Every structure is written in structure tokens, then in C-alpha cells.
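Residue strings, one per chain:
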Amino acid sequence: MKTIPVNQVSDSDRPFLMSVGNADGTVTLYYPGDVLPDFSPTPAQIAAAAAAQAQAIANATAARQYAKLTAMRGMTPAQLQVWIAANVTNLAQAQDALLTLAIGQCLLMNTTGAWQ
């Protein structure tokens, strides 16, 4: 096993069984006979992943039940532009449309992991 900067890995360092990137920009190379680290998830990591999956399912279910968001889902950008021009004519409607779009964006970002 040896730890070196990523840009210094050379042909003489190969073949290795496994490499692990480190936060400091180095990489640890493991060779035959080395004791490999245990990368099994901890119970807390397993629970967190299960909770995240359950939340993603709940978010998707909520999105499907939100009628306006479901209607917008099938629209092209041009159709959405026409819908907004026709249906958003006062402050209350603008707030409602903004809320609908914000909910959709929030659900999308939560589903794709962009918030993490």
C-alpha cells in the first residue's frame, strides 16, 4: 500500500487491486497482499439511505397528487409560456404559479440529489 498525489501515479505503480481517492488530493493504492479497508456501509449510513429513498418516494407521490404540477409536467416550454401568459394576470395568480414552479423545482432537486 502506498499513498501518493494522483498526478504522480505512474506505470510502475500498476497493477494495483484498488485505489481510494483521499480528500487531500492523494490516492492510496492497494496491492496484492495488502489488507483492504472495509468500505461496508455503517448502520447509520444504511438508515440514512433508506430514509432518503422513502422521502424521494413520498416526494414523487406528492408531486403526482399536485394537479397543476401534473398538468405542467406534460407541457413543452412553449406551451408553459402560453399557459402562463393566459392564466397569470394578477398577483394572486402569479404567486400561485410561482409556488407551483418552486414546488416542482424543489422536488426535482431533491429527487436528483442536487441539494446534497
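Here the structure is shown first, and the text comes after it.
The model shown is predicted, which means the values in this text are computed figures rather than measured ones.

### A few points about the overall build of the chain
Phase 1 of the analysis: Per the secondary structure count, the chain includes 4 helices and 3 strands.
Phase 2 of the analysis: Counting from the amino terminus, helix and strand elements in the chain follow one another as β-β-β-α-α-α-α.
Phase 3 of the analysis: Of all 116 residues assigned to the chain, the portion counted as buried reaches 15%.
Phase 4 of the analysis: Pairs at least 24 apart in sequence give 34% of the contacts found in the chain among residues at least 6 apart.
Phase 5 of the analysis: Carbon together with sulfur atoms contributes 63% to the accessible area of the chain, which is approximately 8500 Å² in total.
Phase 6 of the analysis: For the chain, the distance from the average site of its 5 positive side-chain charges to the average site of its 6 negative ones is 18 Å.

### Here's the deal with the pairing of strand E3 (residues 26-30)
Each regular strand displays side chains that alternate between the two surfaces of the sheet.
Phase 1 of the analysis: Counting buried positions over the 5 residues of E3 gives 5, a clear majority of the element.
Phase 2 of the analysis: Neither face of E3 is open: one carries Thr26, Thr28 and Tyr30, the other Val27 and Leu29, and all of them are buried.
Phase 3 of the analysis: Two elements, strand E1 (residues 2-5) and E3, share 4 bridges in a ladder whose sense is antiparallel. Residue pairing for E3: Pro5 is matched across the bridge by Thr26.
Phase 4 of the analysis: Pairing analysis gives 4 bridges linking strand E2 (residues 18-21) to E3, with the strands arranged antiparallel. What sits directly across from Ser19, in E3, is Leu29.
Phase 5 of the analysis: Between E2 and E3, which pair antiparallel one after the other, the connecting turn spans 4 residues, and Gly25 there sits at a positive phi close to 85 degrees.

### Quick word on the environment of Asn59
Phase 1 of the analysis: Inspection of the secondary structure puts Asn59 in helix H1 (residues 43-65).
Phase 2 of the analysis: As a C-alpha pair, Asn59 and Pro15 span 44 residues in sequence and 45 Å in three-dimensional space.
Phase 3 of the analysis: Sequence-distant contacts of Asn59, defined by excluding residues within four places in its chain, comprise Leu107 and Asn110.

### Let's talk about the sheet that holds E3
Phase 1 of the analysis: Strand order in the open sheet formed by 3 strands is E1-E3-E2, and the pairing between neighbours is antiparallel. Here the strands that pair on one side only, and so sit at the sheet edges, are E1 and E2. Across the sheet, the mean angle separating the axes of adjacent strands is 25 degrees when strand polarity is ignored.

Criteria and cut-off values
Residue numbers here run from 1 along each chain, matching the order of that chain's written sequence. Totals for whole chains, interfaces and linings use all residues, but because this is a predicted model, local features are given only for residues with pLDDT of at least 70 and pairs of side-chain atoms are given and counted only at 80 or more. The side-chain figures draw on all heavy atoms in the structure; neither hydrogens nor water molecules are used. To qualify as a helix, a DSSP run of H or I must reach at least 4 residues; to qualify as a strand, a run of E must reach at least 2; elements of each kind are numbered from the N terminus. In this scheme, a residue with accessible area under 20% of its type's maximum is buried, one over 50% is exposed, and one in between is partly exposed, where area comes from a 1.4 Å probe on protein chains only. Residues count as neighbours in contact if any of their non-hydrogen atoms are within 4.5 Å of one another. Where accessible areas are quoted, they stem from the Shrake-Rupley method and a 1.4 Å probe; at the residue level, only the protein chains shown are allowed to cover. Note on charges: Lys and Arg go in the positive column, Asp and Glu in the negative column, and His and the chain ends are not counted at all. The atom standing in for a charge is NZ when the residue is Lys, CZ when it is Arg, CG when it is Asp and CD when it is Glu. We treat two strands as partners when DSSP finds at least two bridges between them. Note on method: axes are straight lines fitted to C-alpha atoms, helices fitted across the in-contact stretch only, with angles between N-to-C directions ranging 0 to 180 degrees.

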